[in-house]
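Single-letter residue listing:
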Amino acid sequence: MKEVSFEYKMQVCHEDELSVEDKQLIDAAREACKGSYSPYSGFSVGAALRLSDDEIIKGSNQENAAYPSGMCAERVALYQAGAIHPHKTIKSLAIAARTKDGFTSHPCPPCGACRQVMMESEMRNGGTPIRIILYGTQVCYIIEGGAKFLLPLQFEKETMNTHSQSNLHRQ
Ligand code: THU
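Reading the values: rules and limits
Residues numbered from 1 in each chain as written. Predicted model: local features only at pLDDT ≥ 70, side-chain atom pairs only at ≥ 80, totals over all residues. Heavy atoms only, no water. Pairing = 2+ DSSP bridges. Helix = DSSP H or I, 4+ residues; strand = E, 2+ residues; numbered from the N terminus. Axes fitted to C-alpha atoms, helices over the stretch in contact; angles between N-to-C directions. Parallel < 35°, antiparallel > 145°, perpendicular 65-115°, else oblique. Left-handed = near helix turned anticlockwise from the far one by under 90°. Contact = heavy atoms within 4.5 Å. Nonpolar A, V, L, I, M, F, W, Y, C, P; charged D, E, K, R; others polar. Salt bridge = Lys/Arg side-chain N within 4 Å of Asp/Glu carboxyl O. Buried < 20%, exposed > 50% of the residue type's maximum accessible area, 1.4 Å probe, protein only. Near = heavy atom within 4 Å. Polar contact = N/O pair within 3.5 Å; in protein donor to acceptor, adjacent residues only side chain to side chain. Areas by Shrake-Rupley, 256 points an atom, 1.4 Å probe, with all protein chains shown as cover. 1 Å grid on protein atoms, 1.4 Å probe; cavity = no way out; pocket = protein on both sides within 12 Å on 5 of 7 lines; lining within 4 Å. Sits in = over half its atoms within 2 Å of the grid points. Points joined across faces, edges and corners; volume = space filled by probe spheres on them.

## Thoughts on the pairing of strand β3 (residues 56-60)
Where strand β2 (residues 44-51) and β3 come together, 5 bridges link them in antiparallel fashion. Bridge pairing in β3 places arginine 50 opposite isoleucine 56. Hairpin connection from β2 to β3: 4 residues lie between these consecutive antiparallel strands, with aspartate 54 at a positive phi of about 75°.

Here's what the structure looks like:
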């Protein structure tokens, strides 16, 4: 038996240190929070995607009295992009979250289901990693290498082939 360890990389910075493009996407994610329907949690999440032609697609969390029927902001945006622009690559994704008291000081990490959907979007993109920008008023996290840095040992299309290797073996 052998032990294997993995390295997960992200950049930690303040919004002011980011490029104009990344700041613009954060603004769009903050703006997207306005469309949040979150009467149950009181937690508004906004997501903004930058496509290959620089079009920005926004999404926000949509809750439901039947709780599991709700949907996270990230998946609303990713599915919208997939449905409307199935052939455009997603370059980057920004996420912002707020309560009635304002935006969170630290980033809102995407849930497991959203990470899984991000992986699939990258796969649809021909494997191009999505630059992930997690916004907080005090600190931002930038994950440049894409969803594999958020989701080790992914279940993916390839997993369903008899001789497939996990993505960890392919790294
Ligand atoms: N939420 C998101 O929109 N994205 C995430 O990645 C985490 C959670 C939403 C779902 C729900 O409406 C609220 O935040 C509280 O869980």
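## Brief notes about the packing of helix α2 (residues 73-84) against helix α3 (residues 112-124)
Two numbers describe how α2 lies on α3: the axes approach to 9 Å, and their chain directions differ by 20°. Comparing the axis directions of α2 and α3 gives the class roughly parallel. Crossing handedness for the pair α2 and α3: left-handed. Seen from α2, the contacting residues are Glu74, Arg75, Leu78, Tyr79 and Gly82; seen from α3, they are Ala113, Cys114, Val117, Met118, Ser121 and Arg124. Within the contact of α2 with α3, the residues separate by chemical class into 6 nonpolar, 2 polar and 3 charged.

## Some remarks on the pattern of salt bridges
Under the counting rule described, the total for this entry stands at 10 salt bridges. With a shortest N-O distance of 3.0 Å, glutamate 15 and arginine 30 are connected by a salt bridge. Taken together, the residues span a long stretch of sequence, with glutamate 15 in the loop between β1 (11-13) and α1 (20-32) and arginine 30 in helix α1 at a distance of 15 residues. Neither glutamate 15 nor arginine 30 differs from the other in exposure class; each is buried. For lysine 34, the salt bridge goes to glutamate 31, with nearest N and O atoms at 3.2 Å.

## Considerations on the site of the ligand
As a matter of local geometry, the ligand sits amid Ser41, Phe43, Val45, Asn61, Glu63, Cys72, Ala73, Glu74, Pro109, Pro110 and Cys111. Between an oxygen atom of the ligand and a side-chain N or O atom of glutamate 74, the distance comes to 2.7 Å. A distance of 3.0 Å separates an oxygen atom of the ligand from a polar atom in the backbone of cysteine 111. For the ligand, whose free accessible area comes to 370 Å², the fraction covered by protein is 75%. A majority-of-atoms criterion places the ligand in the second largest pocket. Here the shell around the ligand is built from residues that sort into 7 nonpolar, 2 polar and 2 charged.

## What to know about the layout of surface pockets
One number sums up the size of the second largest pocket: a volume of about 240 Å³. In terms of lining, the second largest pocket is formed by 18 residues, of which the most central are Ser41, Asn61, Glu63, Met71 and Cys72. Per-class residue counts for the lining of the second largest pocket are 11 nonpolar, 5 polar and 2 charged.

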